[in-house]
Amino acid sequence: MGVTKKQIEYVVNELVGEEALPFVFYIKGKKHISEFIIAEELDEEIHKTRNILYRLFEHNIVTFTRKKDKIKGWYICYWDFNEKTIPYLTSKIKQGKIEKLNDRLQKEQDNAFFLCRNACTRMAFEHAIEFNFKCPECSEVMQEQNNQRTIEFIKEKLKELKVAKT
Ligand SMILES: [Zn+2]
């Protein structure tokens, strides 16, 4: 099953950043592309090109083989797009987000939160008590906040993540 453009964009944006997208789409569908050619074709400096390629490599999005150039005597890396890792990374990112949201949800459900009237701070009970329920920014008394809407919002986000296809 092929990987969609949208999936690739999602993974690369999340893990490396938007600036890496042209590199991935340039390498995709080609084989063993020299980093010098990639830099030249994308009109980028070789240092920047290598930097982005290594950052992609750290997540296993691309792979490389290193070969010594017989004439120049230095090593050149030849790069490939590792398409098969995309579905795995997609679900890994999603799983990470779900876990984070679950932790936040747990925290919201288990704690009372206090909010400054001027909205400078919001903190859980155990921190608010350290400040005597006074805002550390403006000294205004902090009020307990009904966090039902926050809880609903997190639940909604979780639901979206669970049904999303990417
Ligand atoms: Zn305040």
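Note: the structure precedes this text.
Predicted model only: the values in this text are computed from it and were never measured. (Residues numbered from 1 in each chain as written. Predicted model: local features only at pLDDT ≥ 70, side-chain atom pairs only at ≥ 80, totals over all residues. Heavy atoms only, no water.)

K.L.:
I tried to follow the nonpolar core on my own but got confused; where do I start?
P.N.:
With 25 residues, the main nonpolar core has V12, I38, L56 and I61 as its most contacted residues. Counting only elements with at least two residues in this core, the list comes to helix 1 (5-15), helix 2 (21-27), helix 4 (46-58), strand 3 (75-81) and helix 5 (85-110). Ranked by residues supplied to this core, first place goes to helix 2 with five residues. Apart from residues lying up to four places away in sequence, L56 is in contact with V12, V16, A20, F23, V24, I61 and V62. (Core = buried A, V, L, I, M, F, W, Y, C linked by side-chain atoms within 4.5 Å. Buried < 20%, exposed > 50% of the residue type's maximum accessible area, 1.4 Å probe, protein only. Helix = DSSP H or I, 4+ residues; strand = E, 2+ residues; numbered from the N terminus. Contact = heavy atoms within 4.5 Å.)

K.L.:
Quick question: what am I supposed to make of the sheet that holds strand 6 (residues 142-145) here?
P.N.:
Whenever strands of a sheet pair, they do so through backbone hydrogen bonds, lying parallel or antiparallel. Spatially, 5-4-6 is the arrangement adopted by the three strands of the open sheet, whose pairing is antiparallel. Two strands lie at the open edges of the sheet, namely strand 5 (122-124) and strand 6, each paired on one side alone. Going from strand to strand, the sheet's axes swing by 35° on average, the running direction of each strand aside. When strand 4 (residues 113-116) meets strand 5, the two strands line up antiparallel, connected through three bridges. The residue of strand 5 that forms the bridge with L115 is R122. (Pairing = 2+ DSSP bridges. Axes fitted to C-alpha atoms, helices over the stretch in contact; angles between N-to-C directions.)

K.L.:
Honestly, the pattern of salt bridges in this entry has me stumped. Any pointers?
P.N.:
Opposite charge on two side chains lets them pair, provided their charged atoms get close. Inspection of every chain in the model, using the stated rule, returns eight salt bridges. When the shortest N-O distance is used, the salt bridge between R55 and E19 registers 2.8 Å. One end of the pair, R55, is in helix 4; the other, E19, is in the loop between helix 1 and helix 2, and 36 residues separate them in sequence. Given a relative accessible area of 26%, R55 falls into the partly exposed group. Residue E19 is classed as partly exposed on the basis of its relative accessible area of 37%. Across the pair E140 and R117 runs a salt bridge, and its minimum N-O distance is 3.0 Å. Pair noted here: E140 is in the loop between helix 6 (125-130) and strand 6 and R117 is in the loop between strand 4 and strand 5, with a separation of 23 residues, a long-range link. (Salt bridge = Lys/Arg side-chain N within 4 Å of Asp/Glu carboxyl O.)

K.L.:
Would you mind showing me how to read the packing of aromatic side chains here?
P.N.:
If you walk through the whole model with that rule in mind, you get eight aromatic pairs. Measuring from centroid to centroid gives 5.8 Å for F125 and F133, while their planes differ by 45°, and the two rings are tilted. Look at F125 and you get partly exposed, because its relative accessible area is 39%. Counting every residue linked through ring pairs, the aromatic cluster contains Y54, F57, F64 and W79. In this structure, R66 is placed above the aromatic ring of Y75, and the distance from its NZ or CZ to the ring centre is 4.3 Å. Its guanidinium or amino end placed over the ring of Y78, K67 lies 5.2 Å from that ring's centre, counting from NZ or CZ. (Phe/Tyr/Trp six-rings, centres within 6.5 Å; stacked < 30°, edge-to-face > 60°. Lys NZ or Arg CZ within 6 Å of the ring centre and 35° of its normal.)

K.L.:
Looking at this model, I keep getting lost on the environment of T63. Mind explaining?
P.N.:
By the secondary structure assignment, T63 is in strand 2 (residues 62-68). Taking the C-alpha atoms as reference, T63 lies 50 Å from Q145; in sequence the two are 82 residues apart. Leaving out residues up to four positions away in the same chain, T63 has contacts with F57, Y78, W79, D80 and N82.

K.L.:
It is not clear to me how the coordination of the zinc ion should be interpreted in this structure. Could you clarify?
P.N.:
Ideal geometry at a metal gives 109.5 degrees between four tetrahedral donors and either 90 or 180 degrees between six octahedral ones. Distances from the zinc ion to its protein donors, C116 (SG), C120 (SG), C135 (SG) and C138 (SG), fall within 2.3 Å. Coordination geometry of the zinc ion: the four donor atoms subtend angles of 104 to 112° at the metal centre, consistent with an arrangement described as tetrahedral. Sequence positions of the residues that donate to the zinc ion give the spacing C-x3-C-x14-C-x2-C. With C120 in the loop between strand 4 and strand 5 and C138 in the loop between helix 6 and strand 6, the pair connects residues that are 18 residues apart, well separated along the chain. The partly exposed category is assigned to C138, whose relative accessible area is 32%. (Donors = N, O, S within 2.8 Å, 3.2 Å for Na, K, Ca; no water. Tetrahedral: all angles 85-135°; square planar, octahedral: opposite > 155°, others 65-115°.)

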